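Here's the letter readout for the chains.
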Amino acid sequence: MRTTASTIVKGQGPDGNTEPAQGGNVYTDPALAFQHVGLTFENGTQALDGIDIAIRPGEFVSLVGPSGCGKSTLLRLAARFEQPTAGTVSVATGKLGYVFQEATLLPWRSVLRNVELPAELAGVDKATRRAGAREALELVGLSGFENHKPAQLSGGMRMRASIARALTGAPELFLFDEPFGALDEITRQRLNEEVSGLYRRSGFTGVFVTHSVAEAVFMSSRVVVLTGRPGRVAADIAVPLDFPRSPESRYAPEFGAVAAEVSAALHDAERGATRIEGRAA
Ligand code: ADP
């Protein structure tokens, strides 16, 4: 399904090109667009209100905001696990990848058999799905661990297996729901670098939920900050750093400047103020 024009702020793709401003930063055919989206659950909880976010193909956008502001709900809307009660959600591809907070591997299956599970459920023949699973495991650095059970892996390795499982579907839109929140800082940084490398090589569109400002800035071409519940867009901040991002880019002055801007927007968001960059009047 193709989408129609949506409001967008300036962003930067993996090729390092900055989207030129077009008539107040409006462009057509986003990979994912939330237009005036609201969601009130049946129990009366209003999770989201008036969300306008358009993500162009090849962007990597992080969502940050206070706990309970609706970040995961936005991903579930993108995956059609939920329906909005107001507005529209447009997704330009059916090829979705989804990585959750937990690795959600079946403990009785080997790593290889976990990673091939989606293809198995889709009826793909054994040789083809095994080849796809091995390739995905190689991409995430888990070759040699095919026959291990999840319990024999570290937390970081389990998350790599979860990412490999999602990669077998060759996602065009990859949704990450705070996948590295439970990992130690060094493992988390390494996985940030690996996912960023996968993004650059594969060219998927990424949407990444996180509580970490540093992780959001390192991974993303844009960071969207949401207010406390009901979640509204409080700030939409471009990250003017080229891809690929080296580990050292975390120490660049530009990195610190964007991280400071995102942190300030988060604090503003908690107080209810908004700071929308590049938004048409
Ligand atoms: P975040 O990911 O930002 O922490 P969520 O998207 O998980 O927030 O949830 C947003 C709000 O909606 C929270 O207050 C949460 O308790 C509530 N919520 C989420 N799912 C449901 C549901 N199925 N029914 C009722 N309330 C829900």
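Residues numbered from 1 in each chain as written. Predicted model: local features only at pLDDT ≥ 70, side-chain atom pairs only at ≥ 80, totals over all residues. Heavy atoms only, no water.

Now for the site of the ligand. The ligand sits among 13 residues. The nearest are Gly-68, Lys-71, Ser-72, Thr-73 and Arg-229. Within the backbone of Cys-69, a nitrogen or oxygen atom sits 3.1 Å from an oxygen atom of the ligand. Considered on its own, the ligand offers 560 Å² of accessible surface; in the complex 67% of this is hidden by protein. For the shell around the ligand, the element with the highest residue contribution is helix H1 (residues 71-78), accounting for four residues. (Near = heavy atom within 4 Å. Polar contact = N/O pair within 3.5 Å; in protein donor to acceptor, adjacent residues only side chain to side chain. Areas by Shrake-Rupley, 256 points an atom, 1.4 Å probe, with all protein chains shown as cover. Helix = DSSP H or I, 4+ residues; strand = E, 2+ residues; numbered from the N terminus.)

On to helix H6 (residues 185-202), then. Given a rise of 1.5 Å per residue, 18 residues ought to cover 26 Å, and the 25 Å separating the end C-alpha atoms of H6 matches this to within 8%. Within the sequence span of H6, burial applies to Thr-187, Arg-188, Leu-191, Asn-192, Val-195, Ser-196, Gly-197, Leu-198 and Tyr-199. Among the structural elements, strand S5 (60-64), helix H4 (126-139), helix H5 (155-167), strand S8 (173-177) and helix H7 (213-219) are those in contact with the buried residues of H6. (Expected span 1.5 Å × (residues − 1). Buried < 20%, exposed > 50% of the residue type's maximum accessible area, 1.4 Å probe, protein only. Contact = heavy atoms within 4.5 Å.)

Our next topic: the pattern of salt bridges. This structure, assessed with the given rule, holds twelve salt bridges. Between Asp-49 and Arg-232 there is a salt bridge whose closest N-O contact spans 2.9 Å. Within this pair, whereas Asp-49 is found in strand S4 (residues 46-55), its partner Arg-232 is found in the loop between strand S10 (222-226) and strand S11 (233-238), the two being separated by 183 residues in sequence. Residue Glu-82 pairs with Arg-76 through a salt bridge whose shortest N-O separation is 3.3 Å. Judged by relative accessible area, which is 21%, Glu-82 ranks as partly exposed. Of the residues examined, Arg-76 reaches a relative accessible area of 27% and is grouped as partly exposed. By sharing partners, the salt bridges in this structure join Arg-109, Glu-116, Glu-120, Arg-129 and Arg-130 into a single network. (Salt bridge = Lys/Arg side-chain N within 4 Å of Asp/Glu carboxyl O.)

This part takes up the packing of H5 against H6. Where H5 meets H6, the closest approach of the two axes is 11 Å, and the angle between their N-to-C directions is 15°. In terms of orientation, H5 lies roughly parallel with respect to H6. In the crossing of H5 with H6, the sense of the turn from one axis to the other is right-handed. In this structure, H5 uses Gly-156, Arg-160, Ile-163 and Leu-167 to contact H6, whose residues at the interface are Thr-187, Arg-190, Leu-191, Glu-194, Val-195 and Leu-198. Looking at the contact of H5 with H6, its residues break down into five nonpolar, two polar and three charged. (Axes fitted to C-alpha atoms, helices over the stretch in contact; angles between N-to-C directions. Parallel < 35°, antiparallel > 145°, perpendicular 65-115°, else oblique. Left-handed = near helix turned anticlockwise from the far one by under 90°. Nonpolar A, V, L, I, M, F, W, Y, C, P; charged D, E, K, R; others polar.)

On to unusual backbone geometry. Between Arg-229 and the following residue, Pro-230, the backbone shows a cis peptide bond with an omega angle of -5°. Tracing the chain through its elements places Pro-230 in the loop between S10 and S11. A cis amide bond links Phe-243 to the next residue, Pro-244, at an omega of 0°. Positive phi values are uncommon outside glycine, yet His-36 reaches one of about 50°. A relative accessible area of 56% places His-36 in the exposed class. Positioned with a positive phi, Glu-178 is a non-glycine residue whose angle comes to about 45°. Note that Glu-178 resides in the loop between S8 and H6.

With that settled, the discussion passes to the packing of aromatic side chains. Throughout the structure, instances matching the rule amount to twelve aromatic pairs. Here the aromatic rings of Phe-81 and Tyr-98 are separated by 5.3 Å at their centres, their planes lie at 15°, and the arrangement is stacked. With a gap of 17 residues between them, Phe-81 in the loop between H1 and strand S6 (86-91) and Tyr-98 in strand S7 (residues 96-99) connect regions that are remote in the sequence. By relative accessible area, which is 14% here, Tyr-98 ends up buried. (Phe/Tyr/Trp six-rings, centres within 6.5 Å; stacked < 30°, edge-to-face > 60°.)

Take the sheet that holds S6 next. The strand order across the open sheet formed by three strands is S4-S3-S6, and the pairing between neighbours is antiparallel. The sheet terminates laterally at S4 and S6, the two strands that pair on one side only. On average, each strand axis in the sheet is inclined to that of its neighbour by 20°, with strand direction left out of account. Two elements, strand S3 (residues 32-40) and S6, share five bridges in a ladder whose sense is antiparallel. Note that in S6 the partner of Gln-35 across the bridge is Thr-88. Contacts from H1 reach S3, S4 and S6, with the element oriented near 120° to S3. (Pairing = 2+ DSSP bridges.)

Interpretation in functional terms is not warranted from these geometric data alone.
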